[in-house]
Each structure stands twice: as structure tokens, then as C-alpha cells.
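Notes for the structure review
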Amino acid sequence: MKNLKRKIHFRINLKSKHLLAVMTLFCVSCIVATFASGAATAPLQEAAGLVVVPFEKSINRIGQLLSVTRQSLKDKQELISANEELQNQIDNLTQQNNKLIQDQGELLRLRELYKLDAEYADYPKVAARIISKDPGNWYDTFMINKGSNDGIRVDNNVIAGKGLVGIVTEVGPGWATVRSIIDDSSSVSAMTVSTSDNCVITGDLELIDEGKLRFEQLYDQENKVTAGERIVTSNISEKYVEGLFIGYVNDVEQDSNNLTKTGTIVTPVDFQHLKDVFVITVNKQDSIQQEASSEE
Amino acid sequence: MKSKIVWFITIIICFLLQCTILNLISIGSITPNLMLILTVSMGLMRGRKMGLWTGFFSGLLVDLFYGSLFGFYALIYMYIGFFSGYAHRIYYDDDIKVPMVLAAVGDILYNFAVYGLQFLLRGRLGLHTYLFRIILPEAAYTVFLTLIVYRVFRFINYRFMDIARKESESMWVIK
């Protein structure tokens, strides 16, 4: 009986260096497994998300409250002068607004006439709030407070008011992680608006401070692409829906092969102070499949 | 058992703080590395094995939510925890200078590992930029944060966790 008890209470007691070797082997095999086959860690992620995400959401809410109280403590004098200024602005704006309403009616009419719907006003979108950022300084990924419960899926495109922000890489029931386009490992297939030349936009950590992105492999024999050219996601991109605005060309350089060009792009999105984003809940692959099935 | 629970909760809280609050206090988009401080201080206060496990679980959390390769950060943090565990045998943990030096060295090693394995292999050669833009500022900020949080970790260790038997690992004591 005593022997049996001893057997049951047998504990694995490894020396620390052996433990290190075992765990190293475990980690390396995990890395190799995800690298080689993209083995899914989704169940683990979901379990961990269940624990972590609610806390992150509440911490984020507390942060918001703090910023609200800080703002409410603003100087009274400042507020009075601001109020006066705003009153003037209201007068100006009502005038402008009247004019704009007229213009709007005209626009609507013209749109119907020309059937010119704004390209991405149609995509179904979900608004989401950023609740946490990745812990290191090397990459630029963040987590949002909406997930598969709100119809978000992997490879959904993410935009903010003015342009493309990134793409959903992982998704859980109440959260999703987004890799932004300024992330060093991101690349987007894009094209110029005026000439429809294709190029590849890559994030570059060395340019992040200037709020710029790099573009490569732009084939532009006639030298039509100049600074100020608008860049949007291309029609041949596999994961990004067509026509999302990325940024303006900042400078262009001829490559040493004399065929292609590289350069930098300025993005209109302020990635440093990004808080709210929109997730487009349609994937590029869906629209392709839909078209295929409707043709049949 | 109780010390294990406290230990685990500490790791999770550190991860939460790292992803939320620390981004708010970042200077020039550089965030200090709280999880590394936790790993290093656990290694210093409780020895190699504990440093190893702390590093492993901290890294695993990062991998789960933000990593592209599962197990990569776990591996790096694990080694840092393990090697800082050697300091447990040599130094007493009541001197703030030891964890500061450990955090500085650990953070620089950690960043060099990330750069070498994930950036250099993709042909990003601008080490000079990365060194002065990310690695050194992060190390400095992390050391500064160590000054504040090491006392908290030490308090948690002595107040809520079992006493780590220093003698059992010490090579100076004849068993």
C-alpha cells in the first residue's frame, strides 16, 4: 500500500537545464509547425481571449473615463473664448450648410443620372474600437472590441475615416487582431488611380516616424506617376477589396534595373492616435465567388 | 499552490497592463517592456526554473494574441528568464541595481533576437536606425520602469508567495 502511494505521488523533477532543453524543443517544434503548415492555434486563442479580453475592454473604458474628466477640467476662460469663436463659426456654417444642402440635392440627382455610386460607400461596415496594442515596439498590430459575433472574419479589410488601415489576421468571439499596413511585415497590392499601374505597398519600420510607406515594382514607362498621385488597392489584390484609398505618392525613384520604380507614400491615417476603425465585413474572395456563381 | 495562483495572476495582469496602460505612457511610440521586467525579476528572486516558466508563459500570451510564429516569443522570454536565474545564486535580491542591470541586458538581448530573427532574415539591414530608434530607447525606458515596479514584484514575492529556498540552489552550501 505504501509502495502504491509512493508510485501515485511520483513527481517529475527535472533539473533546470533539462527543463530548458525540453521547453526549447517544444517551442521550436511549435514554431516549425506554424511556419510549415500554419497549424491553427484558434482554440487556445479563444480560451485565452475569454480571460484576457474582458479585462482589456474594461481597462480601456477606464482610460476613456479618465480622458473625459481631464478634459472637463479645462480652463473656464478658454471655454468662453472658444464658445464665442464657435458661435461665429455656427453662423458661417449655417450659411454654408444651406448652400451644401442645395448642392447635395443636385449631387443625388446627378448620381442617379450617372449611376455613379461611391465605390466603397456600399460595403457593409462594422464600427469597432481599438482596445489594446501589441506589446513590442517592432510590429504594429492591435486588437479591436468586435469579433466573429459581429460578423468579422479573417482577411476582412479595416479602414479609418480617410483610408486603409489594415487587415484582420485573427478573430475570436468578441475580439479580433488587426495588422496595420504600416507594419513591417505587411504588403498590399495597389494601383495608381490615373494610370492604373500596379505596385506593391510595404510597411517599413524605418519610415514609420514620418508616417510614410514604401512602394515597389511600379511599372511606369511613360513617367506619368508623379508626387501627389493617388494610390488605391488594386483590382488584382487577393485579400483587399478594390478601390480603398491608401495614400498619396510622396517621391518616386527609378530602380537600377530601369524598368520599375520605387518610392514612398504618405498615408492620410494618423496611426499614432487611431481609436475607432471600420471593418468591412465582405472579403475579396466572397465577391469573386459570388460573381462566379451568378455567371453560372 | 497559493503562490502558483498569485504568480499566474501576476503574469496575466502584467500582460494586460503591457497591452493597454503602457501604450498610453509611451514616449515617442516606444513602450517599456513590463513582461521582461517580470521575467527577469522572477528569475532573480526565485531561481532559474521559475524564471524559465515565467518567461515561457509571458511569451506564450504574446504569441497567442500578437505573434505570427507561435512559440517564438515564448522561446526568447524563456531563455532570458533562465539566464537571469543564474543571478539568483550570486546576488541578493534586495539591491535595486542588480535587476536594473539584468533588465537592461535582457531587453537589449531580447530586441537583438527579434531583430536578428525576424528583420535581418527578411533583408532589413538598417541596424543603425533600429538600434538608435528602438533598441536603446526601449532599454533605457525599461530600466527606468524597473526602478518603480521591481519593488512591487518584490513585495508580491515576499508577501504572497512561499519563500524560495535560496540555500537549496546555492553552490556555496555543502549539502
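Residues numbered from 1 in each chain as written. Chains lettered and ligands numbered in written order. Predicted model: local features only at pLDDT ≥ 70, side-chain atom pairs only at ≥ 80, totals over all residues. Heavy atoms only, no water.

Attention now goes to the UniProt feature "transmembrane region" (unreviewed entry) in chain B. Residues and elements named next belong to chain B. Per the UniProt record, the feature "transmembrane region" (unreviewed entry) sits at residues 6–30, 51–80, 100–121 and 130–153. As a span, residues 100–121 carries 91% helix and 0% strand, and end to end its C-alpha atoms are 30 Å apart. Helix makes up 100% of residues 130–153 and strand 0%, and the two end C-alpha atoms of the span are 30 Å apart. (UniProt positions renumbered as here; feature names shortened; annotations may be inferred. Helix = DSSP H or I, 4+ residues; strand = E, 2+ residues; numbered from the N terminus.)

Residue and element names in this part refer to chain A. As summarised here, the arrangement of the 6 strands in space is 6-7-8-11-10-9, forming a closed barrel in which the pairing is antiparallel. The sheet shows a mean angle of 40 degrees between the axes of neighbouring strands, taken without regard to direction. Taken together, the 6 bridges between strand 10 (residues 245–254) and strand 11 (residues 260–266) define a ladder with antiparallel strand orientation. Residue pairing in the sheet places Val249 in a bridge with Ile265 of strand 11. (Pairing = 2+ DSSP bridges. Axes fitted to C-alpha atoms, helices over the stretch in contact; angles between N-to-C directions.)

Moving on to the pairing of strand 6 (residues 187–192) of chain A. All names here are of chain A. The sheet contact formed by strand 6 and strand 7 (residues 198–202) spans 5 bridges and is antiparallel. Residue pairing in the sheet places Val188 in a bridge with Ile201 of strand 7. Remark: 5 residues form the turn of the hairpin made by strand 6 and strand 7, two consecutive strands paired antiparallel; Ser196 in that turn has positive phi of roughly 55 degrees. Bridge count for strand 6 against strand 9 (residues 230–233) is 3 bridges, and the pairing is antiparallel. Note that in strand 9 the partner of Thr192 across the bridge is Ile231.

Let us look at the environment of Ser58(B). All names here are of chain B. With respect to the helices and strands, the residue Ser58 is situated in helix 4 (residues 48–66). Distance in space between the C-alpha atoms of Ser58 and Leu38 is 8.8 Å, their sequence separation being 20 residues. With near-sequence residues (within four places) excluded, Ser58 lies in contact with Ile11, Met35 and Thr39. (Contact = heavy atoms within 4.5 Å.)

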